[in-house]
Amino acid sequence: MSKLVALCKRRGIVFQSSEIYGGVGSTFDYGPPGVEMKNNIARLWWQDMTFRHENIVGLDSAVILHPRVWETSGHVKKFHEEFIECRNCKKRFKSEDLFSIAKESFIRYIDAHLHKKPIQPKDMIITGEFLNRYINELDNELSQHPGELSDSFIDNIVNTFVDTIVRNLKHVTCPNCNETGFLTDPRNFQLMFKSNIGVVEDESNLIFFRPETAQGMYVDYRIVQESSRLKVPFGIAQIGKAFRIEITPGNFIFRTREFEQMEMQFFVRPGETSEWLQYWKEQRWNWYLSMGASPDKLRWAQHPQDKLPHYAREAWDVEYEFPFGWSELEGVHDRGEYDLKAHQEASGKDMTYFDDEQKARYIPHIVETSAGLNRTMLMLLCDAYREDVQAGESRVYLALDPKVAPVKAAIFPLVKKDGLAEIARAVADDLRGRWPVFYDAQGSIGRRYRRQDEIGTPYAFTIDYQTKDDGTVTVRWRDTLEQERIGKDRIGDFLIEKFGRL
Ligand code: GAP
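Residues numbered from 1 in each chain as written. Predicted model: local features only at pLDDT ≥ 70, side-chain atom pairs only at ≥ 80, totals over all residues. Heavy atoms only, no water.

### Some thoughts on the site of the ligand
Thinking step 1. Residues in contact with the ligand amount to 22 residues; listed here are only the nearest, E212, T256, E263, E328 and E368.
Thinking step 2. With respect to the ligand, the backbone of T256 contributes an N or O atom lying 2.7 Å from a nitrogen atom.
Thinking step 3. At 3.0 Å, a side-chain N or O of Q261 approaches an oxygen atom of the ligand.
Thinking step 4. Contact with the protein chains removes 94% of the 550 Å² of surface that the ligand exposes when unbound.
Thinking step 5. Every element with two or more residues in the shell around the ligand is listed here: β10 (258-268), β13 (325-336) and β16 (365-372).
Thinking step 6. At 6 residues, the largest contribution of residues to the shell around the ligand is made by β13. (Near = heavy atom within 4 Å. Polar contact = N/O pair within 3.5 Å; in protein donor to acceptor, adjacent residues only side chain to side chain. Areas by Shrake-Rupley, 256 points an atom, 1.4 Å probe, with all protein chains shown as cover. Helix = DSSP H or I, 4+ residues; strand = E, 2+ residues; numbered from the N terminus.)

### Looking at the side chain of E330
Thinking step 1. Tracing the backbone shows E330 in strand β13.
Thinking step 2. In this structure E330 comes out as buried when scored by relative accessible area, which is 0%.
Thinking step 3. A distance of 2.6 Å separates polar atoms of two side chains, one belonging to E330 and the other to Y288.
Thinking step 4. Among all residues touching E330, those that are not within four sequence positions of it are R284, Y288, W316, D317, V318, T369, S370 and A371. (Buried < 20%, exposed > 50% of the residue type's maximum accessible area, 1.4 Å probe, protein only. Contact = heavy atoms within 4.5 Å.)

### Focus on the packing of aromatic side chains
Thinking step 1. What the rule picks out here adds up to 28 aromatic pairs.
Thinking step 2. Ring plane angle 25° and centroid distance 6.4 Å describe the contact between F193 and F209, whose orientation is recorded as stacked. Linking F193 in the loop between β6 (187-190) and β7 (194-196) with F209 in the loop between β8 (206-208) and α8 (214-219), this pair joins segments that are 16 residues apart in sequence.
Thinking step 3. Residue class for F193 comes out partly exposed when judged on its relative accessible area of 27%.
Thinking step 4. Look at F209 and you get partly exposed, because its relative accessible area is 26%.
Thinking step 5. Taken together, a centroid distance of 4.9 Å and an interplanar angle of 5° make the contact between F322 and F324 stacked.
Thinking step 6. By relative accessible area, F322 is classed as buried at 3%.
Thinking step 7. Here a set of aromatic residues connected by ring pairs shows up, and it is made of F254, Y320, F322 and F324.
Thinking step 8. Cation over ring: K91 sits above F93, and NZ or CZ is 5.7 Å from the ring centre.
Thinking step 9. Positioned over the ring face of F254 is R375, at 3.7 Å from the centre of the ring. (Phe/Tyr/Trp six-rings, centres within 6.5 Å; stacked < 30°, edge-to-face > 60°. Lys NZ or Arg CZ within 6 Å of the ring centre and 35° of its normal.)

### Thoughts on helix α10 (residues 273-290)
Thinking step 1. Over its 18 residues, α10 extends 25 Å from the first C-alpha to the last, a length consistent with the 26 Å expected when each residue adds 1.5 Å.
Thinking step 2. Within α10 the residues assigned to the buried category are T273, W276, L277, W280, K281, Q283, R284, W287 and Y288. (Expected span 1.5 Å × (residues − 1).)

### Overview of the environment of C174
Thinking step 1. Mapped onto the fold, C174 is located in the loop between α7 (151-167) and β6.
Thinking step 2. Here C174 falls in the buried class, since its relative accessible area comes to 0%.
Thinking step 3. For C174 and F51, which are 123 residues apart along the polypeptide, the C-alpha to C-alpha distance reads 51 Å.

### Topic: the pairing of strand β4 (residues 80-85)
Thinking step 1. Two elements, β4 and β6, share 4 bridges in a ladder whose sense is antiparallel. Paired with H80 across the two strands is Q190, which belongs to β6.
Thinking step 2. For β4 and strand β5 (residues 92-94), the ladder comprises 3 bridges, and the chain directions are antiparallel. Pairing of E85 across the sheet is with R92, part of β5.
Thinking step 3. Joining the antiparallel neighbours β4 and β5 is a turn of 6 residues, in which K90 adopts a positive phi near 70°. (Pairing = 2+ DSSP bridges.)

Here it is, written out as structure tokens:
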């Protein structure tokens, strides 16, 4: 990750926002190649989710919705996170993360005790008097039932241990700084950003920045359905910013407080969510493959019943194996009638739909696909990062699918003199407008190639002395460095052959 972060900064792809003032917690700016790449991803998502389906339409709803939307959606009451802070090192943990770290440590601790292996100091997550209590219990059980301990006994002792941790945080060691006695009690945190509309700051004009784009699509669903004359099943797609006061932002652009979502809400007949959930899982999986992601680094993870988001009846995550471990890229959710029913009750407005095939009126049920734009970009960057050695020199390049690469072709004159720069400029100007191309005449040709490799430019065309004789140029492919000569008038056709018109 640190190499990728350094590359992103060096090439101006993504970097800390407001850096001249020391940056602001986990917010990032997308420089020239970064914004191109992000726009490419968004465009490819939009094409896949709207143009390809006659029954899915787009929407761009506001970031600031009526505050009652968020009361009704359940976000005001339920979109909370519980966290514990270490007063010594200031690290914040989601409570459940801290408890699962403690649990893992304790399991290693008992394993070491039972198998007479050395105990690692970092597994002494709680002070000795508490651990001894459990060790005595274990030894007692073993003396009464020599041989293996039963699974239920182990489960029971581990669960009781976690309960002990929850109630005795002042005796627990911080897994980050290894100091004991500094963890705070769990505190609850509302994850939505708040502000006020108007000059007076009071409860009456409190507003929230949307934490998901989905609600805009629910509150507008009737007007969209009627104006576009859509029949169930149909979908509404939206790309836009969302905001969350994340307690543990991090891993570069993986988890930030301001981010972009690419969401699609699919409105179906009651009772048909399971089959549509299956359909959309397949569609979304295939989209990641079409973006060039490595299939062996993708997997599905289902949310267990007790870990479902408050609105979902069934939830699946597409996960990617990032350098920091398997983590969520996108959620595909069966939201049932939860949202529309709640909005109908709270607003008093009719949210039903008349199905003229079935001659029935009902509240449509919803299957949602909810992807992170920034996360998809991070995934593609991680997936594409390569290092190799060419002629004794190390090289870094991004093996991005040409569809998502920020620049499609680089045009270089071998040298600036003897009219080569003029020919190269004319070639670049001819291509510009059809593809994002980059003209560069500065520095050695090797350096120019490497700068483009680092932002994943698939092809570089070099105009040299032979061009003046026979009108051909060399084209170099980023990944293998293979070169061939083609006529300069064929560059446009060559690019169309390689990745089509944009
Ligand atoms: N409407 C459903 C919803 O918002 P979610 O699982 O909370 O579901 C969906 O979020 C996606 O949005 C995630 O899979 C992730 O890609 C992206 N996302 C959520 N929080 C994020 C954050 N703090 N930073 C970057 N992306 C985030």
